[in-house]
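If you want the building blocks of each chain, they are given just below.
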Amino acid sequence: MAVDLRQVMAAILTFSMFIMLGNMVKRDHIDPLLESVQSSQSIDQYNASKAKGVILTEVSYGPWKDQNEVRRPCWEIPSFKGKQSSRYVYFFLSNGPEYHASQIANAVVVARHLGATLMLPDIRGTKLGEKRDFGEIYDVKKFVASLNGVVQVAEVKPAEVSSMKFTAVRVPDRVSEDFITSKIEPIFRTKRYLRLVTYFDSLSVAKSKETMHSNAYQCLATFGSLKLQAELQDLVDSMVGTLRSMSQTTGGRFVAVDLRIDMLGKKRCQENVAASKRCYNAEEIGEFLKKIGFHKETTIYLTQTGWHSRLDALRNIFPNTFTKDAIVPADERAKFMGSEGREYEQFVDFSICTQGDVFVPAYPSRFYASVAGNKIASGKTQIFVPAEKTSEMASDYLSPE
């Protein structure tokens, strides 16, 4: 069955993904086995049985499935032969990788509508004044090539722009054509240089249902423009390879869990909504994975930085539980995991969670929503959402169709 990526767009990057993923996740599809790792006889027996809706035993080593959904592209880009405009749209990326795709999508749609040249963004850090070049994190050539035929991209800041003042324009996430026409065009007529600042709120989430299904440019920008730069991608690939090599029992497959101790202490995790639990600690995640059939030898990757004693309960259930610090190559540790490289960690987590065979969020967050959207877009739809249920069937914890 093909998945139209436009169906994913309405749900990606929203805090209501626990509900909205139900419109996209298909219960009978899952990541393929890693081709480079031979499956054990137990895995083969499970695949041959094709059992659905059963409590999985240790023979199967967990609720793994072997079929990917086929992705149907959500964009068809017409040829764009316009010359580089002397008017520019600038924007920056901020708040982490879970926000970047949406910020890029907004800028692409606005620049195309206005006929402006899009300037390569920089990336703002968490500290005031902290800034990185786009190429320090992402592949510049991939970005520019992906937008060929959509908008012109200036890789280098034009000389005349350096001394010019940009007019800041606040733009809602999932910006609509009507908003651009009524709010941005009048400013653009009198100003040659605009700086877009995307803001996120619940209204933009609701509006996305109306606009994202039909806007191929936003879809392309979201799913087809970002790739990590080569050195950072090599690091992620090495770490994923390590996780897979430690997962021989499960055919090279592993579970990625978004679980950080600091998140569990935030206000939204201290409050219950409609008498239902929103956040799950390490022990609860371990019991959940065990309940739905994952074998004790399953490899678990956590987004937590450094080990914390509050994670011990999870490792007691699944001994092969690791944080990034344990699997990063020794020669890369100082650069990417040291005090100067902490900003890289969120990109490593995002990529590993996206590549993982199974993804489990311990709490609702934009990180979870964005990872889920990217996994669904690539056909990797096995995302288990913890819930207060007594059922031991893994399929009951996939978002309902």
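Residues numbered from 1 in each chain as written. Predicted model: local features only at pLDDT ≥ 70, side-chain atom pairs only at ≥ 80, totals over all residues. Heavy atoms only, no water.

All right, on to the pairing of strand 10 (residues 254–258) then. Among the five residues that make up strand 10, five are buried, leaving the element largely enclosed by the rest of the structure. Judged by which residues are buried, strand 10 turns out to be covered on both faces: Phe 254, Ala 256 and Asp 258 on one side and Val 255 and Val 257 on the other are all buried. The pairing of strand 10 with strand 11 (residues 299–302) spans four bridges and is parallel. Residue pairing in the sheet places Val 257 in a bridge with Leu 302 of strand 11. Bridge analysis of strand 10 against strand 13 (residues 358–361) gives four bridges, and the strand direction is parallel. Bridge pairing in strand 13 places Asp 258 opposite Pro 361. (Buried < 20%, exposed > 50% of the residue type's maximum accessible area, 1.4 Å probe, protein only. Helix = DSSP H or I, 4+ residues; strand = E, 2+ residues; numbered from the N terminus. Pairing = 2+ DSSP bridges.)

Bringing the pattern of salt bridges into the picture now. Counting across every chain of the model gives 10 salt bridges. For Glu 231, the salt bridge is made with Lys 335, and the minimal N-O distance between the two is 2.7 Å. Placement of Glu 231 in helix 10 (residues 230–245) and of Lys 335 in helix 16 (residues 333–337) is noted, with a sequence separation of 104 residues between them. Linked by salt bridges that have partners in common, Asp 122, Arg 124 and Lys 131 make up one network. (Salt bridge = Lys/Arg side-chain N within 4 Å of Asp/Glu carboxyl O.)

Its place among the elements puts Gln 304 in the loop between strand 11 and helix 14 (312–317). Judged by relative accessible area, Gln 304 falls into the buried class, the value being 10%. At a separation of 3.4 Å, a polar atom in the side chain of Gln 304 contacts the main-chain carbonyl oxygen of Gly 306. Those residues in contact with Gln 304, other than ones at most four positions away along the chain, are Leu 259, Arg 260, Ile 261, Leu 311, Thr 323, Lys 324 and Asp 325. (Polar contact = N/O pair within 3.5 Å; in protein donor to acceptor, adjacent residues only side chain to side chain. Contact = heavy atoms within 4.5 Å.)

In the predicted model, the protein chain carries a mean pLDDT of 80, and the fraction of residues at 70 or more is 75%. Within the model, the stretch residues 3–59 combines pLDDT values under 50 with 165 contacts to residues more than four positions away or in other chains. (pLDDT = per-residue confidence, 0-100.)

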